[in-house]
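The residues making up each chain are set out below.
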Amino acid sequence: MTTTPGRVRLRRTRATPAMRRLLAETRLHPAELVLPVFVREGLTEPRPITSMPGVVQHTRDSLKRAVADAAAAGLGGVMLFAIPTVRDAVGSQATEPDGILNLVIADAVAEAGDALVVQADLCLDEFTDHGHCGVLTPTGAVDNDATLVRYADMARAQAAAGAHLVGLSGMMDGQTAVVRDALDDAGHHDVALLAYAAKYASAFYGPFREAVESQLEGDRRTYQMDPANRREAAREVAIDIAEGADVVMVKPAMSYLDVLADVAATSTVPVAAYQVSGEYAMIEAAAANGWIERRRAILESVLSIRRAGADHVLTYYATELAGWLAEETR
Ligand code: PBG
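Just so we're clear, the structure is a prediction, and the values are computed from it rather than from any experiment.

Draft legend 1. Seen up close, the state of the cysteines. Tallied over the entire structure, the rule returns zero disulfides. Note on C123: no disulfide assigned, nearest cysteine sulfur contributed by C133 at a separation of 3.3 Å. Given the relative accessible area of 0%, C123 is considered buried.

Draft legend 2. Summary view of the nonpolar core. With 101 residues, the main nonpolar core has F38, L80, Y151 and V179 as its most contacted residues. Sequence-distant contacts of V179, defined by excluding residues within four places in its chain, comprise L122, Y151, A155, V166, L168 and L193.

Draft legend 3. Spatial organisation of the environment of L136. Note on placement: L136 falls in the loop between β5 (117-122) and α4 (144-161). For L136, a relative accessible area of 30% corresponds to the partly exposed category. As a C-alpha pair, L136 and V90 span 46 residues in sequence and 8.2 Å in three-dimensional space.

Draft legend 4. Representation of the UniProt feature "binding site: 5-aminolevulinate 1" (unreviewed entry) in the protein chain within the structure. Here the UniProt-annotated "binding site: 5-aminolevulinate 1" (unreviewed entry) positions come out as R209 and R220. By the secondary structure assignment, R209 is in helix α6 (residues 206-211). The class for R209 is partly exposed, based on a relative accessible area of 23%. Ignoring anything within four residues of it in the chain, the contact list for R209 reads S214, L216 and R220. Inspection of the secondary structure puts R220 in the loop between α6 and α7 (231-243). Setting aside anything within four residues of it in sequence, one finds R220 in contact with D125, G131, H132, C133, A201, R209 and S214.

Draft legend 5. Focus on the site of the ligand. Close to the ligand lie 18 residues, the nearest being D125, R209, K251, S277 and Y316. At a separation of 2.8 Å, an oxygen atom of the ligand approaches a polar side-chain atom of R220. The side chain of Y316 places a nitrogen or oxygen atom 2.6 Å from an oxygen atom of the ligand. For the ligand, whose free accessible area comes to 410 Å², the fraction covered by protein is 100%. Residue composition of the shell around the ligand, by class: eight nonpolar, three polar and seven charged.

What counts and what doesn't
- Residues numbered from 1 in each chain as written.
- Predicted model: local features only at pLDDT ≥ 70, side-chain atom pairs only at ≥ 80, totals over all residues.
- Heavy atoms only, no water.
- Disulfide = S-S within 2.5 Å.
- Buried < 20%, exposed > 50% of the residue type's maximum accessible area, 1.4 Å probe, protein only.
- Core = buried A, V, L, I, M, F, W, Y, C linked by side-chain atoms within 4.5 Å.
- Contact = heavy atoms within 4.5 Å.
- Helix = DSSP H or I, 4+ residues; strand = E, 2+ residues; numbered from the N terminus.
- UniProt positions renumbered as here; feature names shortened; annotations may be inferred.
- Near = heavy atom within 4 Å.
- Polar contact = N/O pair within 3.5 Å; in protein donor to acceptor, adjacent residues only side chain to side chain.
- Areas by Shrake-Rupley, 256 points an atom, 1.4 Å probe, with all protein chains shown as cover.
- Nonpolar A, V, L, I, M, F, W, Y, C, P; charged D, E, K, R; others polar.

Structure follows, in structure tokens:
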């Protein structure tokens, strides 16, 4: 074969919008987007979250509207987080049937339960007065097995409230198996488990701590993964799948695309990724300064997460992004 200079010209595959559209390897679809939402007990109007411009702590009413909007936009689901008025050492409000999260699960299911997968964060950090994801030993360490007992109770409460899927974000060993058994024993065989399998101890959760008014002092490095570790994610994922995870997650997304690609290549269950609060905040801050083009940056960021291998993406941009996707296909 002659090697005429310029014979192989990849630029012809990029020459027109129609050609680029035809040859795109990755596409975004609203069904692959999940919107995380916050509700705060006792609010009379939505309260802005300073470090996440455009995101609010909802009232129960405004949460219902956000859920209806998410359904109208064709999203795949919503992930519910709730902040109670009263916190204590064991996170009692997480397991009370009339605890705020359990109430809003029922609200969301009533509002749009046929159109969306209604998902709930199954973790104690929003409910404990010390802000850790579990209960503590007398010396202040996070007690893995005592926490599992609380998670089992919490799973039953969330399932009773109507949750379709529970998001196990606490990074306790054995949590997936314990929650699966608890749900099955209570007859909730159809409630699915999303295991936050590879969840890293990340600085990019910073704005979320404001969003949920976290009381945490210190960090979560004794239970969340070390950002240095890539191979270890494969162990976490394998264990969660063996314990019964229906979906596994990599979190955060953008600084962990290598991990996401590894997991996507080997997982036998669907893979989610979470574009977390700090990723959102960075894009918003840079865009507000005119340093990046907001819409293009958002589209590119979520596309990259899909390209790396996520089957679906949790992102605070979900509803807005779905609106843009609808415009593009019109
Ligand atoms: C724990 C939880 C956290 C996030 C989701 N679930 C916080 C943490 O682990 O410290 C962070 C999400 C985000 O930053 O957007 N319940």
